[in-house]
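Fold and geometry: a report
Below, each chain spelled out in residue letters.
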Amino acid sequence: QVQLVESGGGLVQAGGSLRLSCTASGRTFSAYAMGWFRQAPGKERDFVAAISSGGSYTYYADSVKGRFTTSRDNAKNTMYLQMNSLKPEDTAVYYCARNPTPLIREVKAFDSWGQGTQVTVSS
């Protein structure tokens, strides 16, 4: 029954940067791996990045490797997604989610989702 809230989205020019935040209301945040997904209009929700419960291990979709970095501060119940060198194809609604089975990074493996935050990258 954890509640997740994303923030930090907005409009940015290609090549620019944004940092997204995901805050959790529950007291078990530190026990769970987390992930980021994005969904563009008319497309399926796609995996972007994942992070282990302690923050030591991160995983990225090929499309964002070298440009995006995810991190977390468990003391603040917050996960971050630093997005650099943004491209128009990064335009989407970005979601954070909780993963009770961290070795499985399919959408169906995540059991709690935020409401999403819009990221728009202009060309």
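Residues numbered from 1 in each chain as written. Predicted model: local features only at pLDDT ≥ 70, side-chain atom pairs only at ≥ 80, totals over all residues. Heavy atoms only, no water.

Under the defined criterion, the tally for this structure stands at 1 cavity of 30 Å³ or more. There is about 50 Å³ of room inside the largest cavity. Around the largest cavity sit V2, L4, A24, G26, T28, F29, Y32, M34 and R98, which together line it. For the lining of the largest cavity, the class distribution of residues is 6 nonpolar, 2 polar and 1 charged. (1 Å grid on protein atoms, 1.4 Å probe; cavity = no way out; pocket = protein on both sides within 12 Å on 5 of 7 lines; lining within 4 Å. Points joined across faces, edges and corners; volume = space filled by probe spheres on them. Nonpolar A, V, L, I, M, F, W, Y, C, P; charged D, E, K, R; others polar.)

Locating D62 in the fold gives a position in the loop between β6 (58–60) and β7 (68–73). Taking C-alpha positions, D62 is 10.0 Å from F47, a pair spaced 15 residues apart along the chain. (Helix = DSSP H or I, 4+ residues; strand = E, 2+ residues; numbered from the N terminus.)

Our focus in this paragraph is the pattern of salt bridges. Applying the stated criterion across every chain yields a total of 5 salt bridges. With its nearest N and O atoms 2.8 Å apart, the salt bridge here joins D90 to R38. With a gap of 52 residues between them, D90 in the loop between β8 (78–83) and β9 (92–99) and R38 in strand β4 (residues 33–39) connect regions that are remote in the sequence. Residue R67 pairs with D90 through a salt bridge whose shortest N-O separation is 2.7 Å. With R67 in the loop between β6 and β7 and D90 in the loop between β8 and β9, this residue pair connects regions lying 23 residues apart in the sequence. Assigned by exposure class, R67 and D90 land together as buried. (Salt bridge = Lys/Arg side-chain N within 4 Å of Asp/Glu carboxyl O. Buried < 20%, exposed > 50% of the residue type's maximum accessible area, 1.4 Å probe, protein only.)

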